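Summary of structural features
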Amino acid sequence: MRFSTILLALILPFPLQHALAQQEAEEKKSVESEHQRAVELAHADQHDAALVILKDLLASHPDNYPIRRDYVVISGWKGDCDEALEKFQPIKNHPGKEDYLIGAVAECMRKARQTDEALAVLREGARAYPENEDIKTLYKSLLNDIVIDRKPELNVKAGTGQSDAGNQDYFFEIKYSRQFAPAARWFARYFTTFADDPEFDTGDLNRVGAGVMYWFDPKWYLEQEFSTDIDEGGDNGSTTTLVYHPTLLWEVFGQYASFAEDVPLRAKALGVDSDRLTISAFFHTIDYRWEWYGSYSAYEFSDSNDRESYYTSLGYAYEMTDTREQRVILELSGSTNTLDNTVYFNPERDTTIAVVHRTSFIFDSRYDSHVDHLSVFLGQYDQEGYGADATYGASYEQQYDFSPVHSFSWWLEAASRIYDGERETVGSFLASYTRKFL
């Protein structure tokens, strides 16, 4: 019995003691009733309504373990793992955690890339509930993910597209990485790009690079590469990439390349190169119904041209089922350049606004996953000095995860675009293959 209760019993008249005890019992009963109602709502998939009730109860009873436990579990069911893991902290050392709490928290830690913490929680669950098959399965699955993630990886990309004036460009890239420390990998990379027009042979790239990939913690990732051109001595470069995940809903990306590989071949053929600074961010809601992406890039070309470009998109999925998703995306992009009369496409100022409709087909296949994407777009391109005109096109993409260790995707687009007031039909193709070596 608490000291305050004993004191009240000594100094208050019996009728008043009885009234206070009755009030306390009714309040406890009301809390338990509301708690039970929240649990029932959660089992009926009304997670938001359940969490509203539990949040109010938790505000007035922060030390109530069952309320906090169920708040964590239901947040995990909803998919809000940031909230679940935050609310779990005060009870992480609570003895006798239920098996369903352990499972929900471990799943969220797995999504948050907190693998060490997830393993520790699952080991605790395995000791407390040795007969629980769900905990055993999750533990084995997480161990398998860790083993696969730490194996050597090979990634191959190849593609082709048309630049302005209808020149066909090609590129090929191969990257191999291998772990050498718990949170670090080294990698080597080869990249080449060229055009089918002999006039641009001097713009071909044949680069090799090497570097390290390092995870400071689940939120911060750093990649550093040093590269050089096999054919052109002195074309050395350094690329630094930093990725930050403030929450599971956000990704922030920053990169500085002292030698930009995406400079137009027309510029490279004349010996023009550039550095590049890129900053981008991506956000999605918990249910992936809404998605937003934004990026900004700044180039300093060696011919004294300074280019700034931006892109942003906002997408909404109006249909999300087990077999199909349909999404409408609004895109806005543009650029500015400070130098006139360059050989490469270099508008003083241009802006594109477009509406994209993307349908994703999710197949029940023998592979781990198989998803196709069909996209069509219609937009308006406005270039300084040339006015505005329509752009349109369509693309198709297939993504295969054959198994946890190898995947393949390809993408094909046909579009009608405008360059310096002239309409051109352009086609692009990209393929990518990734393999883990067990």
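Preceding block: the structure.
I will try to describe carefully the structure that is included in this document. (Residues numbered from 1 in each chain as written. Predicted model: local features only at pLDDT ≥ 70, side-chain atom pairs only at ≥ 80, totals over all residues. Heavy atoms only, no water.)

Moving on, we get to the nonpolar core. Ranked by internal contacts, the top residues of the largest apolar core, which has 24 residues, are Phe88, Leu101, Val105, Met109 and Leu122. Breaking this core down by element, the ones donating at least two residues are helix H4 (65-78), helix H5 (81-88), helix H6 (99-111), helix H7 (115-128) and helix H8 (133-149). Sorting elements by how many residues they give to this core places H6 first, with seven residues. With residues near it in sequence (within four places) discarded, Leu122 still touches Ile102, Ala106, Ile135, Leu138, Tyr139 and Leu142. Grouped together as the second largest cluster of nonpolar side chains are 13 residues, Val31, Ala42, Ile53 and Tyr71 included. (Core = buried A, V, L, I, M, F, W, Y, C linked by side-chain atoms within 4.5 Å. Buried < 20%, exposed > 50% of the residue type's maximum accessible area, 1.4 Å probe, protein only. Helix = DSSP H or I, 4+ residues; strand = E, 2+ residues; numbered from the N terminus. Contact = heavy atoms within 4.5 Å.)

This part is about a negative patch on the surface. A contiguous patch of negative charge on the surface is contributed by Asp340, Glu348, Asp382 and Glu384. Here Asp340 is to be found in the loop between strand E11 (324-337) and strand E12 (349-362). A relative accessible area of 48% places Asp340 in the partly exposed class. (Patch = residues over 30% accessible without salt bridge, like charges linked within 9 Å, V, L, I, M, F, W, Y side chains within 5 Å. Areas by Shrake-Rupley, 256 points an atom, 1.4 Å probe, with all protein chains shown as cover. Salt bridge = Lys/Arg side-chain N within 4 Å of Asp/Glu carboxyl O. Lys, Arg positive; Asp, Glu negative; His and termini not counted. Charge placed at Lys NZ, Arg CZ, Asp CG, Glu CD.)

Taking burial as the measure, the eight residues of H5 include six buried ones, the bulk of the element. Taken as a whole, H5 has its buried residues at Cys81, Glu83, Ala84, Leu85, Lys87 and Phe88. Its buried side turned inward, H5 meets helix H3 (47-60), H4 and H6.

Scanning the entire structure with this criterion turns up 18 aromatic pairs. Between the aromatic rings of Tyr170 and Phe194, the centroid separation amounts to 5.4 Å while the plane-to-plane angle is 25°, which identifies the pairing as stacked. Here the residue Tyr170 occupies a position in strand E2 (residues 168-181), and Phe194 occupies one in strand E3 (residues 184-195), the gap between them amounting to 24 residues. On the basis of relative accessible area, Phe194 is assigned to the partly exposed category, the value being 36%. Between Tyr293 and Tyr311 the ring centres are 6.0 Å apart and the planes differ by 50°, which places this aromatic pair in the tilted class. Here Tyr293, found in strand E9 (residues 290-301), pairs with Tyr311, found in strand E10 (residues 306-320); they are 18 residues apart in sequence, far enough to count as distant. You can call Tyr293 partly exposed: its relative accessible area is 29%. Clustering of aromatic rings is evident, with ring pairs tying together Trp250, Phe283 and Trp292. Stacked on the ring of Phe259, the Lys or Arg Arg207 has its end atom at 4.1 Å from the ring centre. (Phe/Tyr/Trp six-rings, centres within 6.5 Å; stacked < 30°, edge-to-face > 60°. Lys NZ or Arg CZ within 6 Å of the ring centre and 35° of its normal.)

Interpretation note: all reported values are geometric properties and have no functional meaning in isolation.
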